[in-house]
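Structure at a glance
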Amino acid sequence: GWLMGLEFVNIAGCYLFLGLTLWYCMHAAMRADTAATHMLTRFVRLPIPSQGMLDKARKFLASYEEQPLSEVLRVPFTRHQRPGKGKEGGFNEALDIDDEAMARSRHGYDVPAWYRKEKAV
């Protein structure tokens, strides 16, 4: 009889720890959700753009027509490093990188028209 009593006490202790573990699990999940909501709404400012920022980022089909004809008809993935009409000085020349990385980067006059246009603004 006394051995069966020890077994029942042991099983009851196991169920007690199982219930305690489930309680801690639910409590931790609720605390994590609360902390995530706090981080997303109060602690960190949400990056909501203004109407002016949205208007500036908007692209129209007419913006394709504003490109020079040489950019529209150019062969992709080729280098175009000679200065042309309307191209101001070189871009990305002051990069602090080694020579091998400079050879892989687009610099000088070999930058796309949209990049030149953004740098001009």
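Described in the following lines is the structure provided in the data block.

Procedures and definitions
Residues numbered from 1 in each chain as written. Predicted model: local features only at pLDDT ≥ 70, side-chain atom pairs only at ≥ 80, totals over all residues. Heavy atoms only, no water. Helix = DSSP H or I, 4+ residues; strand = E, 2+ residues; numbered from the N terminus. Buried < 20%, exposed > 50% of the residue type's maximum accessible area, 1.4 Å probe, protein only. Contact = heavy atoms within 4.5 Å. Areas by Shrake-Rupley, 256 points an atom, 1.4 Å probe, with all protein chains shown as cover. Patch = residues over 30% accessible without salt bridge, like charges linked within 9 Å, V, L, I, M, F, W, Y side chains within 5 Å. Salt bridge = Lys/Arg side-chain N within 4 Å of Asp/Glu carboxyl O.

1. Details of the overall build of the protein chain
Regarding its fold elements, the protein chain presents 6 helices and 0 strands. Ordered by position in the sequence, the α and β elements of the protein chain form the string α-α-α-α-α-α. Relative to its full complement of 121 residues, the protein chain shows a buried share of 11%. Sequence-distant contacts, at least 24 apart, represent 42% of the contacts inside the protein chain between residues at least 6 apart. Counting every atom, the protein chain has about 11,100 Å² of accessible surface; 65% of that belongs to carbon and sulfur.

2. Considerations on a nonpolar patch on the surface
Where nonpolar side chains cluster on the molecular surface, the patch consists of Met4, Phe8, Ile11, Tyr15, Leu18 and Leu22 and spans about 660 Å² of accessible area. Structurally, the position occupied by Ile11 is in helix α1 (residues 2-43).

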